[in-house]
Protein chains: 2
Amino acid sequence: MPSVKYELLYWSGLQGRGEFVRLAFEEAGVAYVDVALIPESQGGGDDVVVRGMEDPREKRPPFAPPYLRVRGRLIGQTANILEYLGPRLGLAPRDAAGRRWANQLQLTIADLVAETHDTHHPVSSSLYYEDQKREAKRRSRDFIAHRIPKFLGYFEKVIERNTGTGPWMIGSRITYVDLSMGQLIDGLRYAFPKAMAREMRKHPRLSRLHKAVFARPRIKRYVKSGHRIANNETDIFRRYPPLDT
Amino acid sequence: MPSVKYELLYWSGLQGRGEFVRLAFEEAGVAYVDVALIPESQGGGDDVVVRGMEDPREKRPPFAPPYLRVRGRLIGQTANILEYLGPRLGLAPRDAAGRRWANQLQLTIADLVAETHDTHHPVSSSLYYEDQKREAKRRSRDFIAHRIPKFLGYFEKVIERNTGTGPWMIGSRITYVDLSMGQLIDGLRYAFPKAMAREMRKHPRLSRLHKAVFARPRIKRYVKSGHRIANNETDIFRRYPPLDT
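Residues numbered from 1 in each chain as written. Chains lettered and ligands numbered in written order. Predicted model: local features only at pLDDT ≥ 70, side-chain atom pairs only at ≥ 80, totals over all residues. Heavy atoms only, no water.

**Looking at the relation of the copies chain A and chain B**
Selection rule: Superposing copies: least-squares fit, C-alpha atoms only, residues required to have pLDDT of at least 70 in both. In this description, contact between two residues means that some pair of their heavy atoms is separated by no more than 4.5 Å.
In the superposition of chain A on chain B (RMSD 0.0 Å, axial shift 0.0 Å), the rotation amounts to 180 degrees. Here the symmetry operator amounts to a two-fold rotation axis. When C-alpha positions in chain A are compared against the rotation axis, the closest is assigned to P122 of chain A, at 2.9 Å. An overlap of 100% is found between the interface residues of chain A and their copies at the interface of chain B, pointing to a shared contact surface.

**What to know about the sheet that holds strand 1 (residues 6–9) of chain A**
Residue and element names in this part refer to chain A. Rules: DSSP-based pairing: two strands are paired if at least 2 bridges between them are found. Comment: elements are numbered from the N terminus, with helices defined as DSSP H or I runs of at least four residues and strands as E runs of at least two.
Here we have four strands laid out as an open sheet, ordered 2-1-3-4, and mixed in their pairing. Where the open sheet ends on each side, the last strands, each with one partner, are strand 2 (33–34) and strand 4 (73–76). Strand direction decides the pairing type here: strand 1 and strand 3 (residues 67–70), joined by four bridges, are antiparallel. Bridging across to strand 3, E7 finds its partner in R69.

**Some words on helix 3 (residues 78–88) of chain B**
All names here are of chain B. What counts is decided by this rule: Each residue gets one of three labels from its accessible area relative to the maximum for its type: buried under 20%, exposed over 50%, partly exposed in between, using a 1.4 Å probe on protein chains only.
Burial runs high along helix 3: eight of the eleven residues are buried. Every buried residue of helix 3 is accounted for by T78, A79, N80, I81, L82, Y84, L85 and G86. Backbone geometry just downstream of helix 3 places G90 in the positive-phi region, at approximately 70 degrees.

**Focus: empty space enclosed by the protein**
Residue and element names in this part refer to chain A. Note the following rule: Of the two site types, the cavity is a set of points on a 1 Å grid over the protein atoms alone where a 1.4 Å probe fits but cannot get out, and the pocket is an open set with protein on both sides within 12 Å along at least five of seven lines, each lined by residues with an atom within 4 Å of a point. Grid points are joined across faces, edges and corners, and a volume is the space filled by probe spheres set on the points. Residues are grouped as follows: Ala, Val, Leu, Ile, Met, Phe, Trp, Tyr, Cys and Pro are nonpolar; Asp, Glu, Lys and Arg are charged; every other residue, Gly included, is polar.
Enumeration according to the criterion identifies one cavity of 30 Å³ or more in this entry. Looking at the largest cavity, its volume works out to about 40 Å³. As for the largest cavity, its lining consists of T119, H120, A191, F192, I236, R238, Y240 and L243. Partitioning the lining of the largest cavity into residue classes produces five nonpolar, two polar and one charged.

Structure, rendered in structure tokens:
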């Protein structure tokens, strides 16, 4: 059986929401083409990401990257992509109720990702951070005081109540949700190093999960390879010291 | 075969995200218990919604309402609830690719719902609107100028490219996505009557879908029954005239 060709379409300069999908492919050891990262001369680049979305012949266009091209179809929305890939990459629970729970957790992770983005862009994504700095400070203060503790407290509880063994959120095998959770913690630690140092001491199970994700042999190899895009200030998780109180 | 008992757990005083679920039950004509809306003396009320989430014996607790209790399980996250209910209520496409597309669109609707909420709460959900009025004005101006046109332009295109017949987003039969889209337009029209009057003239297909949803016999009956909670300023869609420019 010929293997399926997976193409991921996402911006080349940031981890962003694409990284949640990349980590699933990397952990599974399944080949994928990261289209924007291949040279323009070979049919890659960010323009191809835009053209794929804006193709007037496309009957089911995505709203925004990341999206997947597989078997001639486009699949958008990060949680939807992962719900599709999960069982195919061996990274989802085997039973329907477990897969529903995985999707529910993934959507809760997505909520925190969106809230994190808005700490540096509380007014508008189309304005620079510098043009909404005052609002960003106010929002970040609240985010650190209320939202991070609320979400991390919830996720800690989810691991605690998991009846499986090991550091994971669902059952005893790693799923795409664990990879996304690890990535989220990693990003928050990058963006808010001071606040997260305090928070992670209160959440030992999340600390353990985060370490376990980045200790996976294939994830370690991926990080060491240099292919993982470095954290930077065009990304969702940005290190702006005035926001980390 | 005994019918399944569906319990919806959501706050009693607002349409909120619960309304997307309510509309699916109403359109399907399937009985559900709206737990917070029944009297406390009969085991209802908002406290029951909180207790259900915070039950320490619950292995898979939801992060926030709305959530569903069905066959002894809790199912959270609006899009996840609708993905579960869709096929069971006859409100989802029959093929797997269609259901994936429905979920993708529902998640894009959810993104706009979250952005709408943040127009009046750009700094923090735990502060009053009055304490973030200046930021709310700035965010709403951007929301009206850029985000509403971008999202509605996208959804208009989705209807235009749908190969089915009728006013719907997917195929030729109404799905839960259409109900949610109708509700979203309805809420935006309530919150931003001036801006939306201009916008809807540019999006005839969305206007037609909105009318078609609220012309469905069961939805009409539901709205007329008085059971639909009225729009109000504790909800996601709030009418604050200074924000509607």
